[in-house]
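Chain and residue survey
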Amino acid sequence: MPLSLRYIQALAAAGIDWHGLHIIDITSLVYSIRIDNARQKLEMDKKKRMSERGIKEVRKATEADFNAL
Amino acid sequence: MKITLPIKSKDEIKDGKRILAYGEKEFELDMSLNCQMRWESKFPEQAGKEDLISYTQRIHTVLETQKNLNKLTAPFMISMFKTIYCYFDTDLTFVQFLKLFDFSSLEYTGQLINKIKEVFEVISSEASEKNS
């Protein structure tokens, strides 16, 4: 698929109207969207791995948690 | 945005003499995603290897660092014209576009290259501040 169509697809998925935007700004936006998507995927993968191991959530240990050990 | 380039308005042989006249032509500068689409449709082979923004930046860097504009090579000149051609909203083919310009006069070519340099500067400066 041509790069321009891939850009249109990425911008449409993010709800951004590309008409009138400068090509340099479009390139920058598309890369930002890709970075955001990659971060989201990493976060989802992390949560999936945690749930597979039976971990519901990860939070900072408190003094009470140490005392309860 | 409109941009004017010096073109040859007349180029003919009359009574064995070459008659050459210069004029100006206005072009509509289109810096939207359409220029990448033009890049892909007019120069598919190159578009497969590099996007228009990278190509533009590469050509612009050479143009900025080259002190003596008369020393620019023919392949580089063609690359430069290819780039600006994609930013112009025009029905002309690339060959028709090239035929608008005269490369036989050093003075005219110098003026033309300086104008093209301005086009490159406009292209880069029109993006948002953080991206330009």
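Summary of the structure given here. (Residues numbered from 1 in each chain as written. Chains lettered and ligands numbered in written order. Predicted model: local features only at pLDDT ≥ 70, side-chain atom pairs only at ≥ 80, totals over all residues.)

**Re the overall build of chain B**
Condition: For the purposes of this entry, the term helix denotes a DSSP run of H or I that reaches at least four residues, the term strand denotes a run of E that reaches at least two, and both are numbered from the N terminus. This radius of gyration counts C-alpha atoms alone. The globule rule is 2.2 Å times how many residues there are, raised to the power 0.38. Counting other C-beta atoms within 10 Å of a residue's C-beta gives its exposure: the residue is buried at 20 or more, exposed at 12 or fewer, and partly exposed in between, where C-beta atoms are placed from the backbone. Note that contacts rest on C-beta atoms placed from the backbone: two residues are in contact if these are within 7 Å.
A tally of helices and strands in chain B yields 6 helices and 2 strands. Helices (α) and strands (β) of chain B occur, in sequence order from the N terminus, as β-β-α-α-α-α-α-α. In summary, chain B has a C-alpha radius of gyration of 15 Å against a globular reference of 14 Å for 132 residues, a match within 12%. Taking the principal axes of its C-alpha atoms as reference, chain B extends roughly 55 × 35 × 30 Å. Among the 132 residues that make up chain B, the fraction classed as buried is 17%. Across chain B, the fraction of contacts at a sequence separation of at least 24, relative to all contacts at a separation of at least 6, is 58%.

**What to know about the overall build of chain A**
A count of helices and strands for chain A gives 3 helices and 0 strands. For chain A, the N- to C-terminal ordering of α and β elements is α-α-α. Taking the principal axes of its C-alpha atoms as reference, chain A extends roughly 60 × 25 × 15 Å. By residue count, 12% of the 69 residues in chain A fall in the buried class.

**Overview of helix α2 (residues 23–52) of chain A**
Residues and elements named next belong to chain A. To keep things clear, this is the line we draw: To estimate how far a helix should reach, multiply one less than its number of residues by 1.5 Å.
For α2, with 30 residues, the first-to-last C-alpha span of 43 Å sits near the 44 Å given by 1.5 Å per residue. Looking only at α2, the buried set comprises Ile23, Ile24, Ile26, Thr27 and Val30. Gly54 sits one or two positions beyond α2 and adopts a positive phi of about 80 degrees.

**What about the nonpolar core?**
Defined as follows: By definition, a nonpolar core groups buried Ala, Val, Leu, Ile, Met, Phe, Trp, Tyr and Cys residues that connect through C-beta atoms lying within 7 Å of each other.
In this structure, Ile23 of chain A together with Cys35, Leu52, Cys86 and Tyr87 of chain B are the most contacted members of the largest nonpolar core, which totals 23 residues. Breaking this core down by element, the ones donating at least two residues are α1 (3–13) and α2 of chain A together with α1 (34–42), α3 (52–65), α4 (74–87) and α6 (106–125) of chain B. Element by element, the count of residues in this core is highest for α4 of chain B, at 5 residues.

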